[in-house]
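# Descriptive structure summary
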Amino acid sequence: MSQQSSPTVFSAGLDIMEMYKPKPDRVKEFWTTLQDVWLALYGSSFPTVAAINGHSPAGGCLLSLCCEYRIMCPNYSIGLNETKLGIVAPKWFMSSMLGAIPYREAELALTSGRMFSTDEALKIGLIDEVASDKADAIAKSEKFLSQFAKIHPIARKLTKLNLRHSALEWMQENKELDLNIFISFVGQPIVQKSLEKYLEGLKAKQAK
Ligand SMILES: CCCCC/C=C\CCCC/C=C/C(=O)SCCNC(=O)CCNC(=O)[C@H](O)C(C)(C)COP(=O)(O)OP(=O)(O)OC[C@H]1O[C@@H](n2cnc3c(N)ncnc32)[C@H](O)[C@@H]1OP(=O)(O)O
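This section reports on the structure supplied with the text. (Residues numbered from 1 in each chain as written. Predicted model: local features only at pLDDT ≥ 70, side-chain atom pairs only at ≥ 80, totals over all residues. Heavy atoms only, no water.)

### Overview of the sheet that holds strand S2 (residues 56-57)
By definition, the strands of a sheet pair up through backbone hydrogen bonds, in either a parallel or an antiparallel sense. Sheet architecture is open: 3 strands sit in the order S2-S4-S5, paired in mixed fashion. Strands at the two margins of the open sheet, each flanked by one partner only, are S2 and strand S5 (116-117). (Pairing = 2+ DSSP bridges. Helix = DSSP H or I, 4+ residues; strand = E, 2+ residues; numbered from the N terminus.)

Given below as structure tokens:
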């Protein structure tokens with residue numbers, strides 16, 4: 001459950017203003033912080049559940065994909081919509097999605113930057129359950145977690161971390177490479193132009 005300033009947003013994803021005209025003194029910290037959050041959450045030895053009580057685009061969807069189980073409240077949207085911004089979901093965003101939905105669904109979703117409604121997300125397996133509201137999402141999360149009381153904690157932890165091993169190992173070994181790819185990608189004029197257009201679209205939507 002994320003604690004957010006908007007009651008209808010679980011997480012709006014990465015701050016686009018950090019990628020639009022990125023400041024050289026901030027960009028490294030920005031990206032390595034995201035890598036570290038992913039490593040900590042995707043690689044957590046604890047069982048994790050995302051109670052998604054709001055819209056969850058891109059980085060927001062990624063946060064929920066780090067968890068083993070996703071419960072979402074109705075009438076929100078979720079997905080890795082990066083291509084809609086003219087950017088590309090990094091390899092580890094993609095592998096997080098592939099841990100939840102079949103390759104074919106992921107390919108269609110990622111290439112089109114599709115955002116799914118709560119019901120559509122349930123249908124393709126991007127979320128596991130629908131909750132009627134925030135309290136129900138918390139109750140359902142507790143129910144999911146309680147099943148592990150009967151499972152040996154070391155057996156559960158090693159099983160989870162073995163399943164996630166190759167993605168985690170890739171990141172641990174390639175943090176610097178991934179950072180350099182990010183910096184050179186967002187620095188391209190064509191990418192900056194796309195982000196500018198996307199931000200204008202957000203402002204225009206708000207002005208209506
Ligand atoms: C070849 C290999 C390449 C390797 C990869 C390299 C690099 C790229 C990877 C980068 C990965 C990126 C991940 C991301 O997370 S990108 C961010 C994606 N997020 C979005 O698209 C969200 C856009 N926002 C919305 O859809 C909506 O705002 C909403 C979250 C559904 C909320 O809607 P609503 O409540 O109606 O609020 P408003 O639309 O009116 O927005 C309020 C203000 O917030 C600003 N806003 C919203 N989201 C963001 C954001 N993510 N970053 C910065 N600002 C954001 C919006 O502009 C409004 O601002 P204002 O009040 O100042 O006008």
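This is not the end of the story, as more comes after the structure.
### Some thoughts on the packing of aromatic side chains
Scanning the entire structure with this criterion turns up 8 aromatic pairs. Ring geometry for Trp38 versus Tyr42: centroids 4.7 Å apart, planes at 10°, classification stacked. Of this pair, Trp38 and Tyr42 both sit in helix H2 (residues 24-42), 4 residues apart, which is roughly one turn of that helix. Residue classification places Trp38 among the buried residues on the basis of a relative accessible area of 1%. Centroid distance Phe144 to Phe148: 5.3 Å. Interplanar angle 80°. Geometry classified as edge-to-face. For Phe144, a relative accessible area of 12% puts it in the buried group. Stacked on the ring of Phe148, the Lys or Arg Arg156 has its end atom at 5.7 Å from the ring centre. The positively charged end of Arg164 is found above the aromatic ring belonging to Tyr42, 4.3 Å away from the centroid. (Phe/Tyr/Trp six-rings, centres within 6.5 Å; stacked < 30°, edge-to-face > 60°. Buried < 20%, exposed > 50% of the residue type's maximum accessible area, 1.4 Å probe, protein only. Lys NZ or Arg CZ within 6 Å of the ring centre and 35° of its normal.)

### Notes on the pattern of salt bridges
Applying the stated criterion across every chain, the model contains 7 salt bridges. Here Glu120 ties to Arg114 by a salt bridge, and the two come within 3.4 Å at their closest N and O atoms. Looking at Glu120, the relative accessible area reads 32%, which means it is partly exposed. By relative accessible area, which is 35% here, Arg114 ends up partly exposed. (Salt bridge = Lys/Arg side-chain N within 4 Å of Asp/Glu carboxyl O.)

### Thoughts on the site of the ligand
Taken together, 27 residues lie near the ligand, and Ala12, Leu14, Tyr198, Lys205 and Gln206 sit nearest. Asn81 places a polar side-chain atom, nitrogen or oxygen, 3.1 Å from an oxygen atom of the ligand. Here Lys205 contributes a side-chain N or O atom positioned 2.8 Å from an oxygen atom of the ligand. The protein chains hide 73% of the 1,200 Å² of surface that the ligand would expose on its own. Looking at the shell around the ligand, the elements with two or more residues in it are helix H1 (16-19), helix H9 (165-186) and helix H10 (189-207). Broken down by element, the residue count for the shell around the ligand peaks at 5 residues, all from H10. (Near = heavy atom within 4 Å. Polar contact = N/O pair within 3.5 Å; in protein donor to acceptor, adjacent residues only side chain to side chain. Areas by Shrake-Rupley, 256 points an atom, 1.4 Å probe, with all protein chains shown as cover.)

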